[in-house]
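In case you want the letters, here they are:
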Amino acid sequence: MQHTSYLEISKSAFQKNIEFLKTEIGDGTALSLVIKGNAYGHGIENIVPIAESNGIRHFSTFSADEALRVYQASQHQSQIMIMGMLENGDLEDLIQKGINFYVFEFDRLEAAIAMSKKLGIKAKVHVELETGFHRTGFEWEEREWLATLLTENVDFLELEGLCTHYAGAESIANYVRVRNQIKNYKKFKKWFDAQKIKFKKYHTACSAATLLYPETTMDMVRIGIAAYGFWPTQEAYIYRFQSLPEDNKNPLKRLISWKSSIMNTKAVKMGDFIGYGSSYMAPRDMTIALVPIGYGHGYSRMLSNQGKVLISGIIVPVVGTVTMNSIAVDVTDLEKVQKGDEVVIIGSQGDKEISVASFGESSQQVNYELLTRLPQDIPRSVVD
């Protein structure tokens, strides 16, 4: 049975992105690929093998269920790190599998120590610090008790990392806040050093911090959106533009293409309304094509009368309201349009391209949001 649309994932684009990012961070810094949100919509099971074929041996997830998917997809016993959600009841399985995880409050840390004692296997933990993000992380005032637990339980803990997360490194509006976070992290690190508590890796940088604050790269960076071919924001790209080589001003290549086909065409007379309600009245005699993707597939309703698709190498507009399962597009000026013709929602056709960023301009969605809203049941195939 044919699905209403499908996604293609480019191996060569990923390779180019990793090559560029490795030149940015240098040989002494490890790259952890962030695969939360179903690998930013690309599919964890697709991305892990591609990443491992490019030498990636460390993956960052948000939750335990994502970590298990990486564990099952990995062919190289890569390290896996959970940055967010896990239940204490998950700890036995995680510790047995050697999966790393953040600890950012005492309940999880104490539960990890207790489970390590029970299993006789060290828990691999990354201690997250509160430096100004105000979401998760140990507070400065908690450092004494934290240090006591870490030093008294050296037989049960592998101190894999000391980490934090920046509150919007992709925007100049957050510059002062990020700088203060860097300062606070260094303060924490200096204090732990004085207590002779050492961690295997010191890591703080996401994609934006890696690209905009080089001093944050440290021992490891956690790269998400950039690995999939997108700048964190247009602002970040503009900031870096001058420093990019003249022969490679666009070093990040999009992996994903999203395609569908025309379900049917229909003639509409001038003055008739198209689709639900009265948001679009035909300004002339028109031909519309119905494409079987809608907000139920991740194509935002905010793209009503705003979105664009590619048909026959021509960019054509969405007309009328985006529905759960379909959009109507204006094909009046195209020749020989018929049922079954390819429709490109994201990607290239001929010499034209529709980027994910164009959705953001039309709908106020960011790259991250649109990508991660793509349902897991849309078929994904890996292409060269």
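Our subject is the structure that appears above.
Going along each chain's sequence as written, the residues are numbered from 1 onward. For this predicted model, a pLDDT threshold of at least 70 governs which residues receive local features, and a threshold of 80 or more governs which side-chain atom pairs are given and counted, while totals over whole chains, interfaces and linings are taken from all residues. By convention in this description, side-chain values take in all heavy atoms of the structure and omit both hydrogens and water.

**Some remarks on the nonpolar core**
Selection rule: The definition of a nonpolar core used throughout is a set of buried Ala, Val, Leu, Ile, Met, Phe, Trp, Tyr and Cys residues joined through side-chain atoms within 4.5 Å. To sort residues, take the accessible area from a 1.4 Å probe on protein chains only and compare it with the maximum for the residue type: under 20% means buried, over 50% means exposed, and anything in between is partly exposed.
In this structure, Leu33, Phe101, Leu109, Leu150, Phe192, Tyr299 and Val329 are the most contacted members of the largest nonpolar core, which totals 115 residues. Ranked by size, the runner-up nonpolar core spans 8 residues in total, among them Ile274, Ala282, Met286 and Ile288.

**Thoughts on unusual backbone geometry**
As a reminder of what qualifies: Helix and strand assignments come from DSSP, with helices taken as H or I runs of at least 4 residues and strands as E runs of at least 2, each series counted from the N terminus.
Positive phi, close to 50°, is recorded for Gln77, a residue that is not glycine. When you line up the elements, Gln77 lands in the loop between α4 (64-73) and β4 (79-85).

**A look at the sheet that holds strand β12 (residues 286-291)**
Basically, it comes down to this: Paired strands, in this sense, are two strands between which DSSP finds at least two bridges. Note on geometry: axes are lines fitted to C-alpha atoms, helical ones only across the stretch in contact, with angles between N-to-C directions running from 0 to 180 degrees.
In spatial order, the strands read β11-β12-β15; together these 3 strands make up an open sheet with antiparallel pairing. Each of the sheet's edge strands pairs with one partner strand only, and the pair in question is β11 (264-268) and β15 (327-330). Strand-to-strand twist in this sheet, taken as the mean axis angle between neighbours without regard to direction, amounts to 30°. As judged from the 4 bridges shared by β12 and β15, these two strands associate in the antiparallel manner.

**So, the packing of helix α6 (residues 106-119) against helix α7 (residues 143-152)**
For clarity, the threshold we go by: In these notes the angle categories are as follows: under 35 degrees is roughly parallel, over 145 is roughly antiparallel, 65 to 115 is roughly perpendicular, and the rest is oblique. What makes two residues a contact is simply this: any of their non-hydrogen atoms within 4.5 Å. Under this grouping Gly is polar, as are all residues other than the nonpolar Ala, Val, Leu, Ile, Met, Phe, Trp, Tyr, Cys and Pro and the charged Asp, Glu, Lys and Arg.
At their nearest, the axes of α6 and α7 sit 11 Å apart, and the two run at 10° to each other. Here α7 runs roughly parallel to α6, going by the angle between their axes. Contacts between α6 and α7 involve Phe106, Leu109, Glu110 and Ile113 from the first element and Trp145, Leu146, Leu149 and Leu150 from the second. Grouping the constituent residues of the contact of α6 with α7 by class yields 7 nonpolar, no polar and 1 charged.

**Considering a nonpolar patch on the surface**
The line we're drawing: Like-charged residues are merged into a patch within 9 Å and nonpolar side chains (Val, Leu, Ile, Met, Phe, Trp, Tyr) within 5 Å, provided each residue has over 30% relative accessible area and no salt bridge. All accessible-area figures derive from a Shrake-Rupley calculation using a 1.4 Å probe, and residue coverage is judged against the displayed protein chains alone. Between Lys or Arg on one side and Asp or Glu on the other, a salt bridge is scored when a side-chain nitrogen of the former is within 4 Å of a carboxyl oxygen of the latter.
Taken together, the side chains of Ile172, Tyr175 and Val176 make up a nonpolar region of the molecular surface, amounting to roughly 310 Å² of accessible area. Within the secondary structure, Tyr175 is located in helix α8 (residues 175-194). For Tyr175, a relative accessible area of 37% corresponds to the partly exposed category.

**Side note on empty space enclosed by the protein**
The criterion, for reference: Method remark: on a 1 Å grid restricted to protein atoms, a set of points is classed as a cavity if a 1.4 Å probe fits but cannot get out and as a pocket if it is open with protein on both sides within 12 Å along at least five of seven lines; lining residues have an atom within 4 Å of a point. Grid points are joined across faces, edges and corners, and a volume is the space filled by probe spheres set on the points.
Following the criterion strictly, the structure yields 1 cavity of 30 Å³ or more and no others. Here the largest cavity defines a volume of roughly 30 Å³. Lining the largest cavity, in full, are His58, Gln79, Asn100, His126, Glu160, Lys201 and Met220. Residue composition of the lining of the largest cavity, grouped by class: 1 nonpolar, 4 polar and 2 charged.

**Considerations on the environment of Ala147**
With respect to the helices, strands and loops of the structure, Ala147 is situated in helix α7. By relative accessible area, Ala147 is classed as buried at 8%. Each C-alpha atom of the pair Ala147 and Trp191 lies 9.9 Å from the other, and the pair is 44 residues apart in sequence. Ignoring any residue separated from it by four or fewer positions in sequence, one finds Ala147 in contact with Trp191 and Ile197.

**Some points on helix α1 (residues 11-25)**
Under the convention used in this document: Here, expected helix span is obtained from the residue count minus one, scaled by 1.5 Å. The arc in question is the one traced by the directions running from the helix axis out to the C-beta atoms.
Over its 15 residues, α1 runs 21 Å from end to end, which matches the ideal 21 Å to within 8%, given 1.5 Å per residue. Of the residues making up α1, those classed as buried are Ala13, Phe14, Asn17, Ile18, Phe20, Leu21 and Ile25. Here the buried residues of α1 occupy an arc of 165° about the axis, which is enough to place them on one side. Where α1 is buried, its residues meet β1 (5-10), β2 (30-34), α3 (44-53), α9 (207-212) and β9 (220-223).

**Points about the packing of aromatic side chains**
Rule in force here: By convention, a stacked pair of Phe, Tyr or Trp rings (six-membered ring in the case of Trp) has centres within 6.5 Å and planes under 30 degrees apart, an edge-to-face pair has planes over 60 apart, and any other such pair is tilted.
Within this structure, the stated rule accounts for 13 aromatic pairs. Between Tyr40 and Tyr368, the aromatic rings sit 6.2 Å apart at their centres with planes inclined by 45°, giving tilted as the arrangement. Note that Tyr40 is positioned in helix α2 (residues 36-40) and Tyr368 in helix α12 (residues 367-372), a separation of 328 residues in sequence. Judged by its relative accessible area of 28%, Tyr368 is partly exposed. Look at Trp231 and Tyr237: their rings are 5.1 Å apart centre to centre, the planes differ by 50°, and that puts the pair in the tilted class. In this pair, the class of Trp231 matches that of Tyr237, namely buried. The rings of Trp140, Phe188, Trp191, Phe192, Phe199 and Tyr202 are connected pair by pair, giving a single aromatic cluster.

**Description of the pairing of strand β16 (residues 342-349)**
Along β16, 6 of the 8 residues are buried, which leaves the element largely enclosed by surrounding structure. A loop of 2 residues connects β16 with strand β17 (residues 352-354), the two strands running antiparallel in sequence, and Gly350 in this loop sits at a positive phi of about 65°.

**Considerations on α6**
The first and last C-alpha atoms of α6 sit 20 Å apart over 14 residues, in line with the 20 Å expected at 1.5 Å per residue. Buried residues of α6: Phe106, Arg108, Leu109, Ala111, Ala112, Ile113, Met115 and Ser116, and no others. A positive phi of about 75° marks Gly120, the residue just after α6.

**Quick notes on the layout of surface pockets**
Take a probe with the size of a water molecule and roll it over the atoms, and the empty space left behind shows itself. The calculated volume of the largest pocket comes to roughly 690 Å³. As for the largest pocket, its lining consists of 28 residues, of which Lys36, Tyr40, Arg135, His165 and Cys206 are closest to the centre. Residue assignment for the lining of the largest pocket shows that the elements contributing at least two residues are α2, β4, α9 and α12. It is α2 that contributes the most residues to the lining of the largest pocket, 3 residues altogether.

**Re the sheet that holds β2**
The sheet built from 8 strands closes into a barrel, its strands ordered β2-β3-β4-β5-β6-β7-β8-β9 with parallel pairing. Sheet twist, expressed as the mean angle between neighbouring strand axes with direction ignored, is 30°. Where β4 and strand β5 (residues 100-103) come together, 2 bridges link them in parallel fashion. When the sheet's bridge partners are listed, Met81 is paired in β5 with Asn100. In the packing of α4 onto the sheet, contacts are made with β3 (58-63) and β4, and the angle to β3 comes to roughly 150°. Along the sheet face, α8 touches β7 (157-163) and β8 (201-205) and points at about 170° away from the line of β8.

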